[in-house]
Amino acid sequence: MSTIGIIIALIALGLIVGGILLLKQSAKKFNLSEQQLEDINKRNSELNAEEKKEE
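Only a predicted model underlies this, so the values are computations on that prediction, with no experimental measurement involved. (Residues numbered from 1 in each chain as written. Predicted model: local features only at pLDDT ≥ 70, side-chain atom pairs only at ≥ 80, totals over all residues. Heavy atoms only, no water.)

(A) Representation of the overall build of the protein chain within the structure. The helix and strand inventory of the protein chain stands at two helices and zero strands. Relative to the globule expectation of 10 Å for 55 residues, the C-alpha radius of gyration of the protein chain, 23 Å, shows a markedly less compact shape. When its C-alpha atoms are laid out on the principal axes, the protein chain stretches across 65 × 35 × 5 Å. Counting all 55 residues of the protein chain, 0% fall into the buried class. Counting only carbon and sulfur atoms, one obtains 62% of the accessible surface of the protein chain, whose full area is about 5,500 Å². In the protein chain, the 7 positive side-chain charges and the 8 negative ones have mean positions that sit 9 Å from each other. (Helix = DSSP H or I, 4+ residues; strand = E, 2+ residues; numbered from the N terminus. Rg over C-alpha atoms; globule rule 2.2 N^0.38 Å. Buried < 20%, exposed > 50% of the residue type's maximum accessible area, 1.4 Å probe, protein only. Areas by Shrake-Rupley, 256 points an atom, 1.4 Å probe, with all protein chains shown as cover. Lys, Arg positive; Asp, Glu negative; His and termini not counted. Charge placed at Lys NZ, Arg CZ, Asp CG, Glu CD.)

Given below as structure tokens:
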């Protein structure tokens, strides 16, 4: 493999690894309050009930 090919392969590998590390760093868990969790669960229940009605 030529020198240019090796350089291009290293750059591509660096971009892939950098993208994966960026995704890992930005993937944070949500710290939701009890009220927010209740609202989410209530909305999910309403949506599930609507879906059951449509079937």
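Don't stop here, the text continues.
(B) Up close: the environment of Ala12. If you trace the backbone, Ala12 turns up in helix 1 (residues 3-26). In the structure, Ala12 is positioned 20 residues away from Leu32 in sequence and 38 Å away in space, judged by C-alpha atoms.

(C) Structural context of a nonpolar patch on the surface. Together, Ile4, Ile7, Ile8, Ile11 and Leu15 make up a nonpolar patch on the protein surface, roughly 520 Å² of accessible area in all. Within the secondary structure, Ile7 sits in helix 1. Residue Ile7 is classed as partly exposed on the basis of its relative accessible area of 41%. (Patch = residues over 30% accessible without salt bridge, like charges linked within 9 Å, V, L, I, M, F, W, Y side chains within 5 Å. Salt bridge = Lys/Arg side-chain N within 4 Å of Asp/Glu carboxyl O.)

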